[in-house]
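An overview of the molecular structure
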Amino acid sequence: MNEAAQPATRQPVWFLVLFALAAGGGAIAYVPLLTVLLPLKVTALMGAEDVPSLARTTFYGAIIASLANIAFGMASDRSGTRLPWVLTGLISSSVLLLMIGRAGSLIELILLVMAWQMCLNMMLGPLLAWAGDCVPDSQKGLLGGLLAIAPAMGALAGSLVTFESVVAEEYRMFTVALLVIVLVLPVVMFGRGRELPELTRPVSKIEKASTDQLRKRTAVSRMWLARFLVQISEAGLFAFLLFWLRSITQDFHENTAANIFSAVLVVSIPLSLLIGRWSDRHARPILPLAACAAMAGIGLSIMAISFELPLAITGYVVFGIAASIFLSLHTGQTLRVLPLPQHRGRDLGLFNLTNTIPSIVMPWLTLTLVPGFGFSALFVLFAGLAIMAAVLLATIPRRS
């Protein structure tokens, strides 16, 4: 299908930018808390028992996040409106974030984190589904490219709120909540009424049985599995990057690892924009995803054979950039292939499981392989999963 065959209605760039900033606000809502602020809070409460206590807190929170994303996606489908859910989730999750900072016991903290995850996903699930209601297929690549700013904003916010000369310790949670509100609220205020009829029209029972719908369902299942496979690698490197680098160079500094991680995210932004725009102009939405998954596999293969620091960092940079581009563009193209507009929120909630399940699966893979075979065996497995994802995507029919 060429671009001329796409719906004529296009969204203005300002709307896409506001939505990308809102997605960045969503990342800021959870990245600083889960990576820095929550571990510090658990340590302050539990002392030497902080690691198992943090594991319990994040595990229960991840379960609630998975269920809430699906539930509120379904609720926004049934209500026929998204933005009231987004606004309610924004306000309630911001209040709960402040309460987490004041928790006085582990039980209280766990319950507050579970409630916060529920309210946060009340915002995030309908917000992404709303993008599917508004952004035509001819702009899905550009949207995906813009979404690459979200993880970078989350990482930068984590650095900002822990920089004591900028944000005092007692104002960290407040600063995070304020940043989220400032970034999410504009698209809620100025984006009302931008839903497109051709993107929200329900599919009838007769249409569900059509060849085009069956083709879309095949594409959806392959895209779900491909993202899941890549996310296992992403989750593994997110958690164990520093440990791996220190297995090569014992005194490798944590700040250097954080800088490499941040640099990869920042470099990914312009590349995601360029590649996403190319996929729109040439009507090739899946090809960049397959290529990025393959490049991620190559980067992981380099890491598996790396025993010196320069080659190891090179392999990680190749993997990190390819995986970041893949994940951002994949989000945009998922909105394109979902077959049933009337169940878009629910289906995106099911896709969100590709983000949460790997965080549960990955530690067990690591504990199984690394003690006996080293990180190389883990990276060989990850490389195989990424290549499998590339094959799954490359064999999706072009019309899907």
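Here's a quick rundown of the structure. In this text the structure is predicted, and so the values were computed from the model without any measurement. (Residues numbered from 1 in each chain as written. Predicted model: local features only at pLDDT ≥ 70, side-chain atom pairs only at ≥ 80, totals over all residues. Heavy atoms only, no water.)

Together, Phe 59, Tyr 60, Ile 63 and Leu 67 make up a nonpolar patch on the protein surface, roughly 370 Å² of accessible area in all. In this fold, Phe 59 is placed in helix 2 (residues 50-79). Residue Phe 59 is classed as partly exposed on the basis of its relative accessible area, which comes to 39%. (Patch = residues over 30% accessible without salt bridge, like charges linked within 9 Å, V, L, I, M, F, W, Y side chains within 5 Å. Areas by Shrake-Rupley, 256 points an atom, 1.4 Å probe, with all protein chains shown as cover. Salt bridge = Lys/Arg side-chain N within 4 Å of Asp/Glu carboxyl O. Helix = DSSP H or I, 4+ residues; strand = E, 2+ residues; numbered from the N terminus. Buried < 20%, exposed > 50% of the residue type's maximum accessible area, 1.4 Å probe, protein only.)

Here we come to the packing of aromatic side chains. Any two aromatic rings considered together are summarised by their centre-to-centre distance and by the angle between their planes. This model, assessed by the stated rule, comprises nine aromatic pairs. Seen from their ring centres, Trp 224 and Phe 228 are 5.5 Å apart, and the 20° between their planes marks the pair as stacked. Note that Trp 224 and Phe 228 are positioned in helix 10 (residues 211-248) at a spacing of four residues, about one turn of the helix. Note on Trp 224: relative accessible area 24%, which makes it partly exposed. For Phe 228, a relative accessible area of 15% corresponds to the buried category. Ring geometry for Tyr 316 versus Phe 319: centroids 6.4 Å apart, planes at 45°, classification tilted. Pair noted here: Tyr 316 and Phe 319 are both in helix 13 (residues 309-337), with a separation of three residues, about one helical turn. Across this residue pair, the class does not change: Tyr 316 and Phe 319 are buried. Directly above the aromatic system of Phe 15 lies the positively charged group of Arg 194, at a separation of 5.8 Å from the ring centroid. (Phe/Tyr/Trp six-rings, centres within 6.5 Å; stacked < 30°, edge-to-face > 60°. Lys NZ or Arg CZ within 6 Å of the ring centre and 35° of its normal.)

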